[in-house]
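Architecture and fold: a report
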Amino acid sequence: MTFHVMMVENAMTSVQQTLIENLITSNTNVINSDPLRIRNSILIDAERFVNNNLVTFSGDFSVEQFPNLEVLENNGDLNFTASGLFGSDRPDPIDKISNSGTILGSTHFFNVGEFSNRGLIQSSIGRIDVQATSVDLDSGVLQATADITIKADDIRLENTIINTGAIRLDPFTNIERVYPGALILDAAKSFQDGGFSAGNIITATDGIHLLRLPTTPSDLPGTHFISAAPRFAEVKHSWASRDRGSSSLGFEDNMSIGQFTLAKEFDSLFTFKSVDEEQINAIYIESLNFIDQDDIDFGSGEVSPDIEFLTAEEVADILNIEENMTVYFATSGTSPEELENMVDGLVWVKSYAGPNSSKRITLSDGSTTRVNLSLVESLVSDSDADGQVNGEDDFPFDGVQISGITDEGVNELGQRLVNLTFTAAAKTFYSIERNVMLTTTENQWETIEVFNHDSAENALVTQQIILPDDSPENFLRINYNIGGGLQ
Ligand SMILES: [Ca+2]
Ligand SMILES: [Ca+2]
């Protein structure tokens with residue numbers, strides 16, 4: 001006897017997941033578009049494996065399950081309970097891994113030619129180690145409960161999130177527990193971050209390291225690094241940038257950073273050091289901030305709106321910059337003048353006015369210019385030396401007022417000497433310029449003397465200049481760099 005069943009309205013849903021005992025496939029290309037829950041063993045003997053749905057199994061992802069894998073494309077969920085050994089357990093790397101879905105395991109080791117992650121790769125217990133020729137993390141998320149190492153010829157970030165280590169609430173004690181994770185970055189040839197608006201958020205609970213300058217160095221203006229330190233713990237940072245002094249040149253093709261936030265816990269210590277003891281290094285940060293860990297969401301990098309930045313005294317307690325390392329910054333929520341005074345190795349580059357660190361202001365002649373944000377808002381610096389600090393001065397960058405000019409006669413070489421007296425601002429570089437006819441154009445002003453007022457105080461100074469020839473008329477003016485420095 002035979003029954004025929006006719007479905008009039010097909011609205012059936014499955015109520016029980018199907019478990020597969022053993023899965024064995026063998027083909028050059030294997031493409032999965034079904035949910036595969038594997039209970040016992042999986043063997044995918046393919047050169048190219050594409051997962052568009054769900055594959056879940058126990059144990060490792062290793063050469064035993066994927067003996068001939070050259071290309072892995074994951075667009076779905078790839079979950080396993082133990083380690084992901086992606087090419088790291090065999091002599092040759094896997095040619096290409098591209099993930100736009102989710103890869104979950106306890107820990108991951110990648111040894112790959114071309115590695116790209118637009119999805120999520122997460123390790124629930126251990127580290128993530130990526131060794132590849134090229135690493136593209138555009139729109140991808142990497143999350144590890146321990147260290148993350150990315151070592152490649154070329155690294156590219158854009159709209160990328162990397163969470164190294166974790167801070168989680170312990171459900172039993174209701175106390176936040178920190179899982180330490182150090183981030184190690186090592187790009188041999190190039191390291192790009194997608195530019196100023198790239199929106200990369202990179203967090204770590206056990207320090208951040210850049211092991212070398214790539215052979216084609218660039219900068220990371222669109223990347224926000226957030227370093228959190230556990231209670232009573234020291235976290236170490238090293239960075240391979242060249243030390244170019246307090247100059248905006250330090251921010252050009254030198255792996256400079258858009259934002260760096262240090263988030264402290266009770267009695268934590270942040271140490272910055274050079275990559276090794278043989279070299280002198282630096283790190284250039286546009287916006288460097290010091291906060292309490294409670295004021296930041298560690299995973300997303302979101303800062304509480306009513307944040308209070310640490311005082312310079314508090315920063316001095318948590319920051320340790322070693323001998324052959326200098327931390328340069330352009331702007332900070334903590335007073336830069338006080339930071340410079342209180343922490344050795346911390347230097348404010350007030351001459352730098354980058355996208356994260358500047359403000360467009362109008363000068364008294366109506367023209368506009370971009371100026372370092374902390375300098376404009378400073379309640380300590382008086383850049384035009386008119387007696388009003390910048391933060392309270394409607395026009396903080398007025399011209400130099402010359403209060404005295406005297407003819408000092410002729411020297412033994414027959415050159416005329418002139419003394420100029422003016423109020424010089426602290427740590428500011430001046431150029432004294434001459435023109436022989438006022439009707440001439442701007443480019444006929446010539447610099448005849450440069451003068452660096454290196455004192456930390458504004459002061460009345462007298463500078464003697466030598467006129468270079470016996471021109472019957474001499475017009476003199478004094479210019480200074482807004483920002484004070486040479487650049
Ligand atoms: Ca002023
Ligand atoms: Ca003024």
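The model shown is predicted, which means the values in this text are computed figures rather than measured ones.

1. With respect to the overall build of the protein chain
- Of the regular secondary structure elements, the protein chain holds 3 helices and 37 strands.
- By its C-alpha atoms, the protein chain is 125 × 55 × 50 Å across when sized along the principal axes.
- Relative to its full complement of 487 residues, the protein chain shows a buried share of 41%.
- Sequence separation of at least 24 residues holds for 53% of the intrachain contacts in the protein chain that already meet a minimum separation of 6.

2. Some thoughts on the pairing of strand S30 (residues 358-362)
- As paired elements, S30 and strand S31 (residues 368-372) share 5 bridges and run antiparallel to each other. Within S31, the position partnered with Ile361 by the bridge is Thr369.
- The turn linking S30 back onto S31 is made up of 5 residues, and Gly366 within it adopts a positive phi angle of 90°.

3. Things to note about the sheet that holds strand S34 (residues 428-435)
- Pairing is antiparallel in the open sheet, where 3 strands are placed in the order S35-S34-S37. The sheet is open, and its two borders are formed by strand S35 (446-453) and strand S37 (475-480), each paired with just one other strand. Neighbouring strand axes in the sheet, compared pairwise and without regard to direction, differ in orientation by 20° on average.
- Relative to S35, S34 is paired through 7 bridges, and the arrangement is antiparallel. The residue bridging Arg434 from the neighbouring strand is Glu446, located in S35.

4. Some details on the sheet that holds strand S33 (residues 416-424)
- Spatial strand order, S32-S33-S36: 3 strands in an open sheet with antiparallel pairing. In the strand order of this sheet, the two ends are held by strand S32 (402-410) and strand S36 (459-466), each with one partner. Going across the sheet, the axis of each strand differs from the next one's by a mean of 20°, ignoring polarity.
- Bridge count for S32 against S33 is 6 bridges, and the pairing is antiparallel. The residue of S33 that forms the bridge with Ile405 is Leu420.

5. Remarks on the domain arrangement of the protein chain
- Assigned domains of the protein chain: these are domain 1 (19-348) and domain 2 (402-480).
- With centres defined by C-alpha atoms, the gap from domain 1 to domain 2 works out at 53 Å.

6. Structural notes on unusual backbone geometry
- A positive phi angle, near 65°, is found at Asn174, a position not held by glycine.
- Relative to the helices and strands, Asn174 resides in the loop between strand S17 (166-169) and strand S18 (176-179).
- Accessibility expressed as a C-beta count within 10 Å gives 7 for Asn174, which makes it exposed.
- Not every positive phi belongs to a glycine, and Ala385 is a case in point at roughly 55°.
- For Ala385, the location among the structural elements is in the loop between helix H3 (373-376) and S32.
- Classification of Ala385 by C-beta neighbours within 10 Å gives buried; the count is 22.

About the cut-offs
Along each chain, numbering runs from 1 in the same order as the chain's sequence is written. Just so you know, chain letters begin at A and ligand numbers begin at 1, following the order they were written in. Note on the predicted model: pLDDT of at least 70 is required for a residue's local features to be given, and 80 or more for side-chain atom pairs to be given and counted; whole-chain, interface and lining totals, by contrast, use all residues. Counting from the N terminus, the helices are the DSSP runs of H or I reaching at least four residues and the strands are the DSSP runs of E reaching at least two. With C-beta atoms placed from the backbone, a residue counts as buried when 20 or more other C-beta atoms lie within 10 Å of its own, as exposed when 12 or fewer do, and as partly exposed for counts between those limits. In this description, a residue-residue contact is defined by the distance between C-beta atoms placed from the backbone, which must lie within 7 Å. Here a strand pair is declared whenever DSSP counts at least two bridges between the two strands. Axis lines are fitted to C-alpha atoms, over the contacting stretch for helices. Their N-to-C directions set the angle, which ranges from 0 to 180 degrees. Where a domain begins and ends is set by an automatic assignment or by a domain database.

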